[in-house]
Amino acid sequence: MPLLAKNTSIPLKRLLRGRYLVCGGILFCAIAVSIYCVWMLDRGFEITDEAYYILLAKNADPSMYYISAQHWVTALIWHITGSIYSFRAAGLLILISSAALLAVGSYRSCVKANIIEGDRVSLVVVIASAIVGSLFYATTINLSPNYNLLASAAAYSSAGLVLIGCSCSAGTVERMAIYCLAGCAIGVEVVCKASSGASTLAILIVWLAFFERSFLRSIAFAAIMALSSICFAVILLMENTTFSAAQQSLSEGLALFRIVQSEAISVRLIRYVSQFWQYFSASLTAFALPVAVCVAYAITGRVMFLKVAVAALVVILLWGRHFIGGWSNGSTLSPPYAVFSMLLMILIATFSVWSRNLKSATLFGGLVLLPYSVAMGTGNALFTQVVVTLAPWATVAALLAVASYPQSVIRDTVAAIALIFIVTISLQIFTSGDRPYHMAEPLRKQSKSVVLPNLGKVKVDVRTAEFLQEVTGAVRKCDIAPGTIFWGLYNIPGVALAMDAFPATTPWLNNAEQANFVIDRQVNLLREPSVIALNDEGRGEMPPIPRKLMDFPAGLKFCGAATFPYANQRIQIWKRG
C-alpha cells in the first residue's frame, strides 16, 4: 500500500494516524536542519582544516604539492562566490541538491522494483530524509567545499543518476547522456579523492550489471561512464595546469604527505576492518536489546517484538544521551553508534522487503556501502569519514519506511524507527554547535561580526575577535603587504587568511621536516620577503625556525603575537626581509 492515498480529500482522523505524523516529522526535521545550517554559515573561524580548504580555493597555484586536486574544483567555486559566507553556502547547496538527486534515483528504482507504490508524499519523505543525512556533514566542520564534501556530493550525484538511468524509460541516447553526467560526477570524485572515485565507480558498475536490460548494454554504459569520468578529470587538469606539472606536484605531494602519514595501503585496509569491527561491536553492545528484539521479529513475524524494539530504542537513546553530537575536546568526533544501530534495526526488521530478490538486495547493499566507498583512502578513523556521507543511510531508512507491507501496523512501526533515526541525526546536528571543531566557544556564542581581508564578514566569539585584532596589529606594525609569502609553523593556515598572505607552495605544514622539505625544493622563495608565524600549540614553547629561513640579509623583525582561544595557542609573527 502507498503511504498516502492519491485521493487528496482525506478525513482528519486518517491524517492523525501515526504514518502521517511520521511524514510530517521527517519533513519538519529537513526544514529545521536546513535552516540551522543556513544560520551557521557565517559563524566561526578556525585556523586549521577549513582555513586550509579556503586557502587552496583562493590560491590554486599549479605548483602546489598535493595528493588531492580538490582546488581544481574549489577554485572555480571560489571564483563564483568570493566570500567565506557564499563559499559555505555553495557547499550547502551542493550537498542538498546531490542528496535530492540520490533520493529521486533510489525512489524510482524502488517503484520499478515494486517495493514502493508511487506516491508524491513518499517521494518527499525520501528526499527530506536524504537531505538530513547529507547535512550530518555539518557536525564535523563548516560547509566550505573541500575534498570530503565534494567526494560525498559526487558519490550522491553519480549514484542518483545511474539509478535514474536504470529505472527510466527514455531512449538509448537520453540514457547515454545520463550516464555521461554520472561519469562526470565520478570524475569530480576522482580528482578530489581518487580512491573514493574508484570505489564508487565499482558500486555503480555492479548496479548496471544487475539493473540494465542486457549484459551488453551494461558493459557499454559502464564503459561510457568510466570514459566520461576520465575525460572530465582530464578537462579539469588541462584547465588548471599541465600533465607534467600535475604529475610532479602529485609525486612530491605524496612524498610530503608520507612525512605525516607513513601507513602502507595494506596496513590501512587492515585498520579499516579493525575499526569497523570495533564500532560494530560497540554499537551492538550499546543497543543490544532493540537489535535482539528486531531479530526476534524477523524470525517470528510477531509485531509485538517490533513495538518493544521501538520502546527500548527510545529509552537507550535518552539514557545514553546518544542524541548529542559534535567533538569531544575538539579532536574526537562522537562515534555513530546510535545511527549505525538504528540502520541495522531497520534492515533486520525489513529483511523480507529489501531481500525479496537479488536486484533489490543489490540496490540496498550498494546504498549501505556507499559511505564506505567515499571513506576509502582516508587516514582518519573510518567512522569519522563515514559520517560525512550519511545521505545513503538516511535514504535507506526512508525507503523502507514508505515501502509496502502486508499490515499497516508493520509499516507504521518501521516508519517510527525511521523517524527516530532522522530525529536523532537532526538532534546531533543541532547539538554539535555546542562543541564545534577546533573552536573554544559554541557557535551560538560566535556573534561578533568581523571583516576578514578578501573573505567578507564572519561572526566569531570575543576572544577570536581579539586574536584577529592582534594579527591585524602585527600586520600594520611590520607593514606586511597583501600576498606576502607565508610560512606557517605549524598547522596554522588560518593565520595566512587573517593576514591576507600567500602560503609558501602548500598552505599546510605540520612539522619541521615538512617545512624543510618545501624549503629544499623551493629555494627561489628564500630570496623573497616573507612572513613567519610560529605556533606554540598551547605548550608555552615556540618551535624553532628552520635555519634556512633565518639566513637572510635583512634578518627577522618581530611584528607581534596573538593568542588563538582554542587550546590557548600563542602565535608569534615575524617579518623576514
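Throughout what follows, the structure given in this document is the object of discussion.

Cut-offs and rules
- Residues numbered from 1 in each chain as written.
- Predicted model: local features only at pLDDT ≥ 70, side-chain atom pairs only at ≥ 80, totals over all residues.
- Heavy atoms only, no water.
- Disulfide = S-S within 2.5 Å.
- Helix = DSSP H or I, 4+ residues; strand = E, 2+ residues; numbered from the N terminus.
- Pairing = 2+ DSSP bridges.
- Axes fitted to C-alpha atoms, helices over the stretch in contact; angles between N-to-C directions.
- Parallel < 35°, antiparallel > 145°, perpendicular 65-115°, else oblique.
- Left-handed = near helix turned anticlockwise from the far one by under 90°.
- Contact = heavy atoms within 4.5 Å.
- Nonpolar A, V, L, I, M, F, W, Y, C, P; charged D, E, K, R; others polar.
- Core = buried A, V, L, I, M, F, W, Y, C linked by side-chain atoms within 4.5 Å.
- Buried < 20%, exposed > 50% of the residue type's maximum accessible area, 1.4 Å probe, protein only.
- Phe/Tyr/Trp six-rings, centres within 6.5 Å; stacked < 30°, edge-to-face > 60°.
- Lys NZ or Arg CZ within 6 Å of the ring centre and 35° of its normal.
- Polar contact = N/O pair within 3.5 Å; in protein donor to acceptor, adjacent residues only side chain to side chain.
- Salt bridge = Lys/Arg side-chain N within 4 Å of Asp/Glu carboxyl O.

Regarding the state of the cysteines
Here's step 1: Under the counting rule described, the total for this entry stands at one disulfide.
Here's step 2: Residue Cys-478 pairs covalently with Cys-559 via a disulfide, S to S 2.0 Å. Linking Cys-478 and Cys-559, the disulfide has an S-S dihedral of approximately -115 degrees and is accordingly described as left-handed. Remark: Cys-559 occurs in strand 8 (residues 556-564) and Cys-478 occurs in helix 21 (residues 462-478); sequence separation between them is 81 residues.

Some details on the pairing of strand 8
Here's step 1: When strand 8 meets strand 9 (residues 569-576), the two strands line up antiparallel, connected through eight bridges. Counterpart to Phe-564 in the pairing with strand 9 is Gln-569.
Here's step 2: Where strand 8 folds back on strand 9, the antiparallel hairpin that results is connected by four residues, among which Ala-567 adopts a positive phi of roughly 65 degrees.

Details of the packing of helix 17 (residues 358-375) against helix 19 (residues 391-401)
Here's step 1: Helix 19 packs onto helix 17 with a crossing angle of 155 degrees between their chain directions and a minimal axis gap of 8 Å. Looking at the two axes, helix 17 sits roughly antiparallel to helix 19. Helix-helix and strand crossings are classified by hand; for helix 17 and helix 19 the assignment is left-handed. From helix 17, Phe-364, Leu-367, Val-368, Leu-370, Pro-371 and Tyr-372 reach across to helix 19, where they touch Pro-392, Trp-393, Val-396, Leu-399 and Leu-400.
Here's step 2: Class assignment for the residues of the contact of helix 17 with helix 19 results in 11 nonpolar, no polar and no charged.

Points about the environment of Ala-194
Here's step 1: Its location among the elements puts Ala-194 in helix 9 (residues 194-211).
Here's step 2: A sequence separation of 127 residues divides Ala-194 from Ile-67, and the C-alpha atoms of the two residues are 9.0 Å apart.

Comments concerning the nonpolar core
Here's step 1: Formed by 183 residues in total, the largest nonpolar core has its most connected members in Trp-207, Trp-393, Phe-421 and Met-499.
Here's step 2: Counting residues per element, this core draws most heavily on helix 7 (residues 147-167), at 12 residues.
Here's step 3: Dropping the residues within four chain positions of it, Trp-393 is found in contact with Val-339, Phe-340, Leu-343, Leu-367, Val-368, Pro-371, Tyr-372, Val-386 and Phe-421.
Here's step 4: Membership of the second largest hydrophobic core comes to 18 residues, among which are Tyr-65, Leu-509, Phe-517 and Val-518.

Side note on the packing of aromatic side chains
Here's step 1: Tallied over the full model, the rule gives 24 aromatic pairs.
Here's step 2: With a centroid separation of 6.0 Å and an interplanar angle of 85 degrees, the aromatic rings of Phe-276 and Phe-340 are classed as edge-to-face. With a gap of 64 residues between them, Phe-276 in helix 12 (residues 265-286) and Phe-340 in helix 15 (residues 337-349) connect regions that are remote in the sequence.
Here's step 3: Seen in terms of ring centroids, Tyr-279 and Phe-383 are 6.3 Å apart; in terms of plane orientation they differ by 80 degrees. Their pairing is edge-to-face. Here Tyr-279, found in helix 12, pairs with Phe-383, found in helix 18 (residues 382-386); they are 104 residues apart in sequence, far enough to count as distant.
Here's step 4: Taken together, the ring pairs connect Phe-276, Trp-277, Tyr-279, Phe-280, Phe-340, Tyr-372, Phe-383 and Trp-393 into an aromatic cluster.
Here's step 5: The cationic tip of Arg-521 hangs over the ring face of Phe-517; the distance from NZ or CZ to the ring centre is 3.6 Å.

Here's the deal with the sheet that holds strand 5 (residues 485-489)
Here's step 1: Pairing is mixed across the open sheet formed by five strands, whose spatial order is 6-5-7-9-8. The open sheet is flanked by strand 6 (502-503) and strand 8, the only strands paired with a single partner.

Here's the deal with the packing of helix 5 (residues 84-112) against helix 6 (residues 120-134)
Here's step 1: The geometry of helix 5 relative to helix 6 is characterised by a closest axis approach of 8 Å and an angle of 140 degrees between their N-to-C directions. By the angle class used here, helix 5 and helix 6 are oblique. Considering how the two elements wind past one another, helix 5 and helix 6 form a crossing that is right-handed. Where helix 5 abuts helix 6, its residues Leu-95, Ile-96, Ala-99, Ala-100, Ala-103, Val-104 and Tyr-107 lie against Ser-122, Leu-123, Val-126, Ile-127, Ala-130, Ile-131 and Ser-134.
Here's step 2: A breakdown of the residues in the contact of helix 5 with helix 6 according to their chemical character gives 12 nonpolar, two polar and no charged.

Considerations on the environment of Arg-175
Here's step 1: Positionally, Arg-175 belongs in helix 8 (residues 172-192).
Here's step 2: For Arg-175, a relative accessible area of 1% gives the class buried.
Here's step 3: Setting aside residues no more than four positions away along its own chain, Arg-175 makes contact with Gly-165, Cys-166, Cys-168, Ala-170, Glu-212, Arg-213, Arg-217 and Phe-221.

A word on the side chain of Thr-350
Here's step 1: When you line up the elements, Thr-350 lands in the loop between helix 15 and helix 16 (351-354).
Here's step 2: At 2.6 Å, the side chain of Thr-350 and the backbone oxygen of Ile-346 are in polar contact.
Here's step 3: With residues up to four places along the chain from it excluded, the contact list for Thr-350 reads Leu-400, Tyr-405 and Val-414.

Points about the pattern of salt bridges
Here's step 1: Within the structure shown, the criterion is met by 10 salt bridges.
Here's step 2: With a closest N to O distance of 2.7 Å, Arg-88 and Glu-50 form a salt bridge. In this pair, Arg-88 is assigned in helix 5 and Glu-50 in helix 3 (residues 49-58), connecting sequence segments 38 residues apart.
Here's step 3: Take Arg-88: its relative accessible area is 0%, and that puts it in the buried class.
Here's step 4: Residue Glu-50 is classed as buried on the basis of its relative accessible area, which comes to 5%.
Here's step 5: Between Asp-520 and Lys-548 there is a salt bridge; the shortest N-O distance is 2.7 Å.

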